[in-house]
Amino acid sequence: MADGNSSDEDFSDDWVLYAHRPEWSDLQPLPQDDGENPVVIIQYSERFNDVYGYLRAVISRQEKSPRALELTKDAAKLNAANYTVWQYRRDILKALNADLYEELSYIGRVIAENPKNYQVWHHRRVIVEWLDDASSELTLTESILDMDAKNYHAWQHRQWVIKNYNLFEDELQYVDRLISEDMRNNSAWNERFFVLKHGGFTPEVLEREVNYVITRVGLIKNNESPWNFLRGLLQQGTGKLGQFPVVVDFCETLYNDGIRSPYLLAFLVDLYEEQYFEVVASGGSEAEAEQYHQKVQDLCESMANQHDKIRCKYWRYIAENFRRKASDRVTAGGGRNGV
């Protein structure tokens, strides 16, 4: 049943084995069954064997009592990742009609000690659902994110709470603070997109957010998170990278100023490919089409040879694939000399 992630040091010095407690003398602990020929025998501590032996006995006879509830606390302290412990604890809570706000307080402390443990966060969610009260959840997740701003479990719980209890109102302000503290916090950028998606990408929102992200990119050019956020924004609206002239001007200015961030160059590759096919489709000049065609080729070679050499084969594939698509388009359109 148990995984063996023992935390014996979390117990006080005066803690007594269940086998030595008179109030548990009516129960015979059940040893763990590893089968007839276990490949590896785990050397559990005496305390671990004691607690889980009694837990197995309690579960086997489906005892749902205050003492069984306390036993699950010790079992969780020894191995907070044990799903059975938390599921049986919930069964006991229901049977006893226990104080669920007291349980929220308890699991909050457990989460603080085990912030990257899926089972404790799941237990918290179930209790919140039973209470239908998420009033403490933003504060809890904020405290955990103060310790680790990229804690996936805390973000997952926070998004669940915000979505299910419609707590979007102040989230952009919170996320803006996190981004200001660390513009490389990809989790905060993801949260910003999550909130914006809920409200809808109106033209006004898109324009505001494009200007917002451009300001952040201008501060740290070689920062993948805002570049990904920008791409996500531009997939809204018309879906074209060049739909906002301010974005095109900003990127070309960075390039002309000597910035060679691989995220900038990758963006320009896709932008110039998009612009090339727009020129071809609209019957624009051959010279303009050739200009964009050459820019794509040059940028791909620059990425392959200097700025993203670890993915050189990828960039040469992108260049070749673009040439093939351009050739197919030209052939279908009756030919375009020089491209």
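Residues numbered from 1 in each chain as written. Predicted model: local features only at pLDDT ≥ 70, side-chain atom pairs only at ≥ 80, totals over all residues. Heavy atoms only, no water.

Visitor: In this structure, what is going on with the overall build of the chain? I would like to understand it.
Guide: Of the regular secondary structure elements, the chain holds 15 helices and zero strands. With the C-alpha coordinates of the chain rotated into their principal frame, the extents come out at 95 × 50 × 35 Å. For the chain, with 339 residues in total, the buried portion stands at 45%. Put simply, 68% of the contacts in the chain that link residues at least 6 apart link residues at least 24 apart. As presented, the chain carries roughly 17800 Å² of accessible surface, and 48% of it is formed by carbon and sulfur atoms. (Helix = DSSP H or I, 4+ residues; strand = E, 2+ residues; numbered from the N terminus. Buried < 20%, exposed > 50% of the residue type's maximum accessible area, 1.4 Å probe, protein only. Contact = heavy atoms within 4.5 Å. Areas by Shrake-Rupley, 256 points an atom, 1.4 Å probe, with all protein chains shown as cover.)

Visitor: Sorry, what's going on with the pattern of salt bridges here?
Guide: Side chains carrying opposite charge are able to pair once their charged atoms draw close together. Taken as a whole, this structure holds 21 salt bridges when the rule is applied. Of the charged contacts in the structure, one is a salt bridge between Asp328 and Arg324, with a shortest N-O distance of 3.6 Å. Of the two residues, Asp328 and Arg324 are both situated in helix H15 (residues 312-332); the distance of four residues between them amounts to about one turn of the helix. Residue classification places Asp328 among the partly exposed residues on the basis of a relative accessible area of 43%. With a relative accessible area of 42%, Arg324 lands in the partly exposed category. Salt bridges sharing partners connect three or more residues here, namely Asp26, Arg61, Glu63 and Arg67. (Salt bridge = Lys/Arg side-chain N within 4 Å of Asp/Glu carboxyl O.)

Visitor: I keep staring at the environment of Leu104 and nothing clicks. Help me out?
Guide: When you line up the elements, Leu104 lands in helix H4 (residues 100-113). Relative accessible area serves as the criterion here: at 7%, Leu104 is assigned to the buried category. Along the primary structure Leu104 and Val58 are separated by 46 residues, whereas in three dimensions their C-alpha atoms are 24 Å apart. Those residues in contact with Leu104, other than ones at most four positions away along the chain, are Arg124, Ile127, Val128, Leu131 and Glu137.

Visitor: Is there a simple way to explain helix H2 (residues 66-78) in this structure?
Guide: The end-to-end C-alpha separation of H2 is 19 Å, in line with the 18 Å expected for 13 residues at 1.5 Å each. All of the buried residues along H2 are Ala68, Leu69, Leu71, Thr72, Asp74, Ala75, Ala76 and Leu78. Where the residues of H2 are buried, they touch helix H1 (46-60), helix H3 (83-96) and H4. (Expected span 1.5 Å × (residues − 1).)

Visitor: Any chance you could explain the state of the cysteines here in plain terms?
Guide: What makes a disulfide is a covalent bond joining the sulfur atoms belonging to two cysteines. If you walk through the whole model with that rule in mind, you get zero disulfides. There is no disulfide at Cys251, and the cysteine sulfur nearest it, in Cys300, is 16 Å away. Of the residues examined, Cys251 reaches a relative accessible area of 0% and is grouped as buried. No disulfide involves Cys312; its sulfur sits 12 Å from that of Cys300, the nearest cysteine. You can call Cys312 partly exposed: its relative accessible area is 22%. (Disulfide = S-S within 2.5 Å.)

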